[in-house]
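Breakdown of the fold
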Amino acid sequence: MRLQDKVALITGAGSGIGRESALLFAQEGASIVVVDINDEAGEETVAMIREQGGQAIYVHADVSKAADCEGMVQAAEDAFGKLNVLFNNAGIMHSQDGDAVSTSEEVWDLTMNINAKGVFLGCKYGIPALRRAGGGSVINTASFVAVMGAATPQVAYTASKGAVLSMTRELAVVHARENIRVNALCPGPLHTELLMKFLNTEAKRQRRLVHIPMGRFGLAKEMAQAALFLASDESSFMTGATFLVDGGITAAYVTPE
Ligand code: NAD
């Protein structure tokens, strides 16, 4: 098994990429700390892990709050004795996020607080725990929008993911000699609740699909496979990477008909 005897904390594990990663990491032998603000969804992920014979606990934590982030790391060490993998994955895409003119200050602040500050706070409290474990792997969920611009504006989201990507590079360099690797998982457009709520009409979905060479949205399960690689020792010489898993969207100039 690829994560035998490891302890992994995953934020936003009540849904989408976080849930699929929790299930997959558990199948590969890890004990999982499921973190979310949606208690019902988080508990459901824990039940699913236990059903497949794995070990997991649920911790309620809002990643934009320092005390909650401190608490989730503490809970991981209390329950399982250590932390080896920190997956800062929780994020939002607000339905009122638009261009610079139309986006409200509240939407900007909320998005930055969860998507960017949430990663900072996860690392602030998680990195000392990884040090205590002798090293580990940090995975921060950014997005392909951190490296490309889109004409369908979501300025707060895009800026927040740019922050995650640049923060990831600096953290990787700073902690490289401590046996702590830090990589950014950059998904392309996915068929998850988050994006489907934003692209809420068939016309909007088709408008986005035009740009994806593979001609389909990715699946949360496919992101979980990529995250597993970053979490495991198979990626042992990899840090500070922009790990794009995007159906070819960032490679495309013109897509096939
Ligand atoms: P999702 O909406 O399915 O799941 C996100 C989870 O995070 C939910 O369970 C939600 O309750 C939780 N959450 C929200 N705010 C939180 C907070 N403050 N504290 C703790 N938990 C919180 O989303 P997803 O598609 O699985 O997205 C996961 C990550 O992937 C996000 O960072 C997102 O920006 C990123 N991403 C998604 C796509 C996509 O197309 N879906 C593309 C690129 C990147």
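These numbers were taken from a predicted model, which means no experiment stands behind them.

Let us now look at the overall build of the protein. Of the regular secondary structure elements, the protein holds eight helices and seven strands. Relative to a compact globule of 257 residues, whose C-alpha radius of gyration would be 18 Å, the protein shows 17 Å and is just as compact. With the principal axes as the frame, the protein shows a C-alpha extent of 50 × 40 × 40 Å. A separation threshold of at least 6 residues defines the contact pool for the protein, and within that pool the share at least 24 residues apart is 73%. Within the protein, one finds 21 positive and 28 negative side-chain charges whose respective centroids are separated by 5 Å.

This part takes up the layout of surface pockets. One number sums up the size of the largest pocket: a volume of about 1100 Å³. For the largest pocket, the lining is made up of 42 residues, of which Ser 15, Ala 90, Gly 91, Ile 92 and Leu 194 are closest to its centre. Those elements that provide at least two residues to the lining of the largest pocket are α1 (16-27), β2 (31-36), α4 (105-132), α5 (155-175) and α6 (193-198). In the lining of the largest pocket, the residues fall into 20 nonpolar, 15 polar and seven charged. In this model, the second largest pocket occupies a volume close to 280 Å³. Residue lining of the second largest pocket: 15 residues in total, with Met 148, Gly 149, Ala 150, His 211 and Ile 249 positioned closest to the centre.

Another aspect to go through is the packing of aromatic side chains. Applying the stated criterion to the full structure yields two aromatic pairs. The interplanar angle of 35° and the centroid separation of 5.8 Å between the aromatic rings of Phe 229 and Phe 243 together place this pair among those described as tilted. Remark: Phe 243 occurs in strand β7 (residues 242-245) and Phe 229 occurs in helix α8 (residues 220-231); sequence separation between them is 14 residues. On the basis of relative accessible area, Phe 229 is assigned to the partly exposed category, the value being 24%. When the ring centre of Tyr 125 is taken as reference, the NZ or CZ atom of Lys 124 above it lies at 5.9 Å.

Our next topic: the pattern of salt bridges. Pairing is possible between side chains of opposite charge, provided their charged atoms come close. Evaluated as defined, the whole model comprises eight salt bridges. The salt bridge involving Arg 19 is made with Glu 44; its shortest N-O contact spans 3.0 Å. With Arg 19 in helix α1 and Glu 44 in helix α2 (residues 39-51), the pair connects residues that are 25 residues apart, well separated along the chain.

Around the ligand sit 28 residues in total, of which Ser 15, Ile 17, Asp 36, Tyr 157 and Thr 192 are the nearest. Within the side chain of Asp 36, a nitrogen or oxygen atom sits 2.5 Å from an oxygen atom of the ligand. Within the contact set of the ligand, a nitrogen atom lies 2.7 Å away from a side-chain nitrogen or oxygen of Thr 192. For the ligand, whose free accessible area comes to 840 Å², the fraction covered by protein is 93%. One can see that the ligand is located within the largest pocket. When residues of the shell around the ligand are traced back to their parent elements, those giving at least two are α1, α5 and α6. A class-by-class count of the residues in the shell around the ligand yields 14 nonpolar, eleven polar and three charged.

Core analysis: the biggest nonpolar cluster contains 35 residues, and Leu 9, Val 33, Val 35, Met 72, Leu 83 and Val 138 have the highest contact counts within it. Secondary-structure elements contributing two or more residues to this core are β1 (7-11), β2, α3 (66-80), α4, α5 and β6 (180-187). A per-element tally of this core places α4 first, with eight residues. Residue contacts for Leu 83: discarding those within four places in its chain leaves Val 7, Ala 8, Leu 9, Ala 76, Gly 126, Ala 129, Leu 130, Ala 133 and Gly 135. Ranked by size, the runner-up nonpolar core spans 32 residues in total, among them Ala 30, Ile 49, Ala 224 and Ala 241.

Examined against the element boundaries, Asp 36 turns out to sit in strand β2. Salt bridges are absent for the buried Asp 36, whose nearest opposite-charge side chain, Arg 19, sits at 7.9 Å. Within polar-contact distance, the side chain of Asp 36 engages the backbone nitrogen of Asn 38 at 3.0 Å. Setting aside residues no more than four positions away along its own chain, Asp 36 makes contact with Gly 12, Ala 13, Gly 14, Ser 15, Tyr 58, Val 59, His 60 and Ala 61.

So, on to α5. When the terminal C-alpha atoms of α5 are compared, their 30 Å separation across 21 residues agrees well with the 30 Å that a helix rising 1.5 Å per residue should span. Listed in full, the buried residues belonging to α5 are Ala 156, Tyr 157, Ser 160, Lys 161, Val 164, Leu 165, Met 167, Thr 168, Leu 171, Ala 172 and His 175. On its buried face, α5 sits against α4, β5 (136-141), β6 and β7.

What counts and what doesn't
Residues numbered from 1 in each chain as written. Predicted model: local features only at pLDDT ≥ 70, side-chain atom pairs only at ≥ 80, totals over all residues. Heavy atoms only, no water. Helix = DSSP H or I, 4+ residues; strand = E, 2+ residues; numbered from the N terminus. Rg over C-alpha atoms; globule rule 2.2 N^0.38 Å. Contact = heavy atoms within 4.5 Å. Lys, Arg positive; Asp, Glu negative; His and termini not counted. Charge placed at Lys NZ, Arg CZ, Asp CG, Glu CD. 1 Å grid on protein atoms, 1.4 Å probe; cavity = no way out; pocket = protein on both sides within 12 Å on 5 of 7 lines; lining within 4 Å. Points joined across faces, edges and corners; volume = space filled by probe spheres on them. Nonpolar A, V, L, I, M, F, W, Y, C, P; charged D, E, K, R; others polar. Phe/Tyr/Trp six-rings, centres within 6.5 Å; stacked < 30°, edge-to-face > 60°. Buried < 20%, exposed > 50% of the residue type's maximum accessible area, 1.4 Å probe, protein only. Lys NZ or Arg CZ within 6 Å of the ring centre and 35° of its normal. Salt bridge = Lys/Arg side-chain N within 4 Å of Asp/Glu carboxyl O. Near = heavy atom within 4 Å. Polar contact = N/O pair within 3.5 Å; in protein donor to acceptor, adjacent residues only side chain to side chain. Areas by Shrake-Rupley, 256 points an atom, 1.4 Å probe, with all protein chains shown as cover. Sits in = over half its atoms within 2 Å of the grid points. Core = buried A, V, L, I, M, F, W, Y, C linked by side-chain atoms within 4.5 Å. Expected span 1.5 Å × (residues − 1).

All quantities given are derived from atomic positions and should not be read as evidence of function.
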